[in-house]
Amino acid sequence: MASHTDTADWQGALERARAQAPFLARALERQPELAELLAQGRGDAALAWARSQCELASNTAAGLRRERLAFATALAIGDLAGAYDVAHVMKELSALADRALDRAISEVIQRRVDGAEPGGMIALALGKHGAGELNYSSDIDPILLYDPDTLPRRSSDEPGEAAQRYARDLVSILSDQTAEGYVFRVDLRLRPASEVSPLAISCNAALTHYESSALAWERAAFIRARAAAGDISKGEEFLAAIRPFIWRSSLDYGAIQDIRRLTQRIRAHHSGPAKPGPGFNVKTGRGGIREVEFFAQTHQLIHGGRDPSLRVRGTRQALDALAKARHIAPEDAQVLGNAYDRLRAIEHRLQMIEDRQTHSVPEGEAIEAIARLDGLPSGSALLEELAQVTDAVAARFDTLIDADERPTQTLPTSPDALSDTLQTLGFEDASGLAKRIAGWRDGRYRTLRSPAALDAFDAVLPALLQALAEADAPNRALLRWEDLLASASSAINLFRLLEARPGLLDQLVAILSLAPTLAEELGRRPELLDTLIDRTALELPGDVATLATRMEAGDAAENYERALDRIRIVTGEVRFALGTQLIETAHDPLAIAAALSRTAEAALLVAQRAATREFVRVHGTIEGSELVVLGLGRLGGGALTHASDLDIIYLFTGGSSAESDGERPLGATLYYNRLAQRVSAALSVPTAEGALYEVDTRLRPQGAQGPLAVTLESFARYQHKDAWTWEHMALTRARALTGSRSAQAQLSAAISDVLHIARDQDALRSDVLKMRADMALHKPAKGLLDAKLKRGGLVDLEFLVHFQQLRHCKGFAPDLSDALTQLIGQGLLPQGLLPAHDLMTRMLVAVRLFAPDLAEPPKAAASALAKSCRCTSFEELLDKFSAARHEVALAWRDVFEEKLEQDK
């Protein structure tokens, strides 16, 4: 939005207005003082003069009409002069509508109850008004709500009766045509069940409607809703209450298809010309204003439930947000945004002529007048530009329409015919499968018990069976598909998503046939497949701060339960997308492991913030003290798998004798131990959105017998005096994950001091070897693909690294790969351990999805596993795994001077 009053051509604008726009000519003649300000180029002063007109009038109705006329005049001349861009004009007109509604509400209430404030009466702005995009001659489409408990009224009036009187009087004040003109035409038909409902509706009745029986177009309308006038705070409370109706956490392709069908009907029933010319409608015509708005809103409905950054009202704002989030191409956002601005400017020119709510291009001399008013040489130049703009919009909008224009496939209904079809597709035991498919519809699955679910299922079933038949392991995929039907509480949106985006079928079948872990998660949360429609689905997530921002988006910070749900939703989506990336071999499993760790760190950070906010409300804070979380193991090393627990230690700065300053104060030790329990629960306790992580705090000082949280000083003292060798080995991968920079630096310094302690090398060697022998005895390898516990695997490699780190006080880095690189560079370990580490870490990450039981997976999954580990075949993977373990065994012999007994 911009203002360019210094470079504007005010005189040229006045001349064109007087010559080409009779309404503006009359308005300038009626308001000579305003005309003089505009002639002097004093645009801001002209708008200030316009605002003053309501206060100068003898009554509200007359004052509002004078203010509206003055604003329409000043904004039109400023627009034509180039002083105000279209966004500025629309914002000012929308603000005028807000003021008019607010003054009208106050007026009608005070007529009845002298001196009363307009509490309990709410005007919600929808459509262009809600978006701040009103045009010169717009209707306004408010929804009028009231709160029966706070609405001012006479004692003899019932709340509903009073509200209807206020609504009728408000419409009269704004819409009646008088000698002064009108303010705004008011259309109340967007209210719930407008055919039978009163003009003003109680908040509770409206809430019930939107929660139970609202239509798809109402969701789209409320994308741009805001509390505009009257009791603003109650209006905002109402909009917050219906937010789940507007922004759904999972996709509702049924609603989206309804909106597309509505748009198709608009095109089909549009009676005017399809191309710009006389009679063409710049609002509803092909490539017109509405198509830009619907393009943005449809994408907002698709993605906005999961991405709060898209919950914006303005059309250009929405397009820019969609492009920034990579849901649409930046070029499309730019083209559609520029087209929208130009179409709205042309719309304004059409309406300036006679202050009429028209969107149609006139013919003859009238179109020449529009062109001259706009500063163009001729009507033909206007039509040529309009054709280019609308063609660009229509081409992009057609992509939404085309998504529904696919041929419908059907399956035969008789068992024999279905069996023949399945046999043609290549299924084994086609007759048995035909009976199984018939059984899917017999009511055994709750996901298929409603007529709507069955219809949605039937629509996608032919393509689903085709995709299953082409899978490497169709029978396995079929069994997991049935598991999904059995475990999901509802799958109707999944069916509609697959129907609307058939390209997802291949990814779904790959998940079902290759990755049992992801298939099980999809059965619990079918909406996870929604995440794959985004352009970013096969991209790695951002850094910890970016992920944390996503987890804290929307109103998560305002409600503890919602905050925990939001963490689980985002974490689940990211983990599922990363699993899909493994299947698609979109990224190295090492990068996937790092991304999983960043996701866990973000979840921990946000969970600590949320738990702390709740805790502080009751117990206050402790000045100069804070909770710090130390990550260890794979979390500390920044390389998690889909099955990783979170190994953490809770610490706090300051002394243990301090006390919190809240309503229920606690001593520091009890305070931080309870807070640590809250953080662990925030991460591990299942909510409505499921579980998150298992939290393991057994590496804390004194293990399970010790307090959950201790001071940094106590932690350092314990590590120096009482800790075992294995605890110091664990510290080599320790990393501060939360806390201020100073607290993290203090903790890192304490850990560095411990790690650099001079040690008896014989005792160190004896401790390390005994620990590994005990582990081998009590935790043997679990299968062929156990890259962690097999002798020569990752555990042995880690023991080698930690022994050399503590022995030589060198190569300390939480990331095992970095530590290895440093130790190799200093000649303390052989070069071959680095590729061995990378291969076995890739296996560790990928096996968690493809072969969670660590046994040899079916052929297709084995091939996918090998590919993800950069091998051409499963046999090559096994050979390289054996070679990597042999490399570790050789290093073990050289470092410890004993042979490593390898298992098979």
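Residues numbered from 1 in each chain as written. Predicted model: local features only at pLDDT ≥ 70, side-chain atom pairs only at ≥ 80, totals over all residues. Heavy atoms only, no water.

Chemist: Please clarify how the overall build of the protein should be interpreted in this entry.
Modeler: Counting its regular elements, the protein contains 39 helices and eleven strands. Its C-alpha atoms put the protein at 105 × 80 × 60 Å along the principal axes. Per-residue burial for the protein yields a buried fraction of 56% across its 904 residues. Summed over all atoms, the accessible surface of the protein reaches about 37100 Å², with 49% contributed by carbon and sulfur. With 103 positive and 123 negative side-chain charges, the protein shows a spacing of 2 Å between the two charge centroids. (Helix = DSSP H or I, 4+ residues; strand = E, 2+ residues; numbered from the N terminus. Buried < 20%, exposed > 50% of the residue type's maximum accessible area, 1.4 Å probe, protein only. Areas by Shrake-Rupley, 256 points an atom, 1.4 Å probe, with all protein chains shown as cover. Lys, Arg positive; Asp, Glu negative; His and termini not counted. Charge placed at Lys NZ, Arg CZ, Asp CG, Glu CD.)

Chemist: Please clarify how the confidence of the model for the protein should be interpreted in this entry.
Modeler: Parts of the prediction with low pLDDT should not have their coordinates interpreted in detail. On average, residues of the protein carry a pLDDT of 90, and 94% of them reach 70 or more. Within the protein, helix H13 (residues 253–269) has the poorest average pLDDT of any element, 65, and strand S7 (residues 627–631) the best, 98. Every residue in residues 403–407 is under pLDDT 50, and counting partners more than four places away or in other chains gives eight contacts. (pLDDT = per-residue confidence, 0-100. Contact = heavy atoms within 4.5 Å.)

Chemist: It is not clear to me how the pairing of strand S6 (residues 226–230) should be interpreted in this structure. Could you clarify?
Modeler: Walk down a regular strand and you will see the side chains alternate between the two sheet faces. Most of S6 sits inside the fold, with five of its five residues counted as buried. Taken together, the four bridges between strand S1 (residues 121–125) and S6 define a ladder with antiparallel strand orientation. Its bridge partner being in S6, Ile-122 is matched across the sheet by Gly-230. (Pairing = 2+ DSSP bridges.)

Chemist: Just to check I follow, could you spell out the sheet that holds S6 for this structure?
Modeler: Backbone hydrogen bonds are what pair the strands of a sheet, in a parallel or an antiparallel way. Strand order in the open sheet formed by four strands is S5-S3-S1-S6, and the pairing between neighbours is mixed. Each end of this open sheet is capped by a strand with a single partner; those strands are strand S5 (200–202) and S6. The sheet shows a mean angle of 35° between the axes of neighbouring strands, taken without regard to direction. As paired elements, S1 and strand S3 (residues 143–146) share four bridges and run antiparallel to each other. The residue bridging Ile-122 from the neighbouring strand is Leu-145, located in S3. Against the sheet, helix H11 (residues 232–241) contacts S1, S3 and S6, and its axis sits at roughly 155° relative to S6. (Axes fitted to C-alpha atoms, helices over the stretch in contact; angles between N-to-C directions.)

Chemist: Even after reading the chapter, I still don't get the pattern of salt bridges, so can you show me in this structure?
Modeler: Two side chains of opposite charge can pair, provided their charged atoms sit close to one another. Evaluated as defined, the whole model comprises 48 salt bridges. Between Arg-396 and Asp-332 there is a salt bridge whose closest N-O contact spans 2.7 Å. With a gap of 64 residues between them, Arg-396 in helix H18 (residues 379–402) and Asp-332 in helix H16 (residues 330–352) connect regions that are remote in the sequence. Here the residues in one salt-bridge network are Asp-79, Arg-342, Arg-349, Asp-374 and Glu-385, joined through shared partners. (Salt bridge = Lys/Arg side-chain N within 4 Å of Asp/Glu carboxyl O.)

Chemist: Would you mind going over the nonpolar core with me for this structure?
Modeler: Soluble globular proteins: nonpolar side chains tend toward being buried together. Counting residues in each nonpolar core, the largest one holds 175 residues, and the members touching the most others are Trp-440 and Leu-529. Looking at this core element by element, the count peaks at 14 residues for helix H28 (residues 589–619). Each residue touching Trp-440, except ones within four places of it in the same chain, is listed here: Tyr-445, Leu-448, Phe-457, Leu-461, Leu-478, Trp-481, Glu-482 and Leu-485. Ala-13, Ala-21, Ala-325 and Ile-346 belong to the second largest nonpolar core, which has 101 residues in total. (Core = buried A, V, L, I, M, F, W, Y, C linked by side-chain atoms within 4.5 Å.)

Chemist: Looking at this model, I keep getting lost on the packing of aromatic side chains. Mind explaining?
Modeler: Centre-to-centre distance and the angle between the planes together describe a pair of aromatic rings. All chains considered together, the criterion is met by 14 aromatic pairs. With centroids separated by 6.5 Å and ring planes inclined at 75°, the aromatic side chains of Phe-222 and Phe-245 adopt a geometry described as edge-to-face. Residue Phe-222 is found in helix H10 (residues 216–222), and its partner Phe-245 is found in helix H12 (residues 243–246); the two are separated by 23 residues along the sequence. Relative to Phe-896, the ring of Trp-892 has its centre 4.5 Å away and its plane inclined at 50°; by these criteria the two rings are tilted. Residue Trp-892 and its partner Phe-896 are both found in helix H39 (residues 874–896); the two are separated by four residues, about one turn of the helix. When its relative accessible area of 1% is taken as the criterion, Trp-892 is described as buried. According to the relative accessible area criterion, Phe-896 is buried, its value standing at 0%. Here a set of aromatic residues connected by ring pairs shows up, and it is made of Tyr-210, Phe-222, Phe-238 and Phe-245. The aromatic ring of Phe-881 is capped on one face by Arg-885, whose charged end is 5.4 Å from the ring centroid. (Phe/Tyr/Trp six-rings, centres within 6.5 Å; stacked < 30°, edge-to-face > 60°. Lys NZ or Arg CZ within 6 Å of the ring centre and 35° of its normal.)

Chemist: Would you take a moment to explain the state of the cysteines for this structure?
Modeler: All chains considered together, the criterion is met by zero disulfides. Residue Cys-869 stays outside any disulfide, its sulfur separated by 6.3 Å from that of Cys-871, the closest cysteine. Cys-869 gets classed as buried once you look at its relative accessible area, which sits at 2%. (Disulfide = S-S within 2.5 Å.)

Chemist: What exactly am I supposed to notice about the side chain of Glu-601 here?
Modeler: You can see Glu-601 is positioned in helix H28. Sequence-distant contacts of Glu-601, that is, excluding residues within four places in its chain, are made with Val-544, Leu-635, Arg-735 and Leu-737.

Chemist: Just checking my understanding: could you explain the packing of H28 against helix H37 (residues 833–850) for this structure?
Modeler: Running from N to C, H28 and H37 cross one another at 60°; their axes reach a closest spacing of 8 Å. Accordingly, the angle class assigned to the pair H28 and H37 is oblique. As H28 runs across H37, the sense of the crossing is left-handed. Where H28 abuts H37, its residues Pro-589, Leu-590, Ile-592 and Ala-593 lie against Asp-838, Thr-841, Arg-842 and Val-845. When grouped by side-chain class, the residues that make up the contact of H28 with H37 number five nonpolar, one polar and two charged. (Parallel < 35°, antiparallel > 145°, perpendicular 65-115°, else oblique. Left-handed = near helix turned anticlockwise from the far one by under 90°. Nonpolar A, V, L, I, M, F, W, Y, C, P; charged D, E, K, R; others polar.)

Chemist: Would you mind going over unusual backbone geometry with me for this structure?
Modeler: Most of the time, phi is negative for any residue but glycine, and the peptide bond is trans. Backbone geometry at Cys-809 places phi at a positive 55°, although glycine is not the residue there. Mapped onto the elements of the fold, Cys-809 is located in the loop between helix H35 (794–808) and helix H36 (816–825). Despite not being glycine, Leu-854 has its phi angle at roughly 70°, a positive value. Among the structural elements, Leu-854 can be located in the loop between H37 and helix H38 (859–868).

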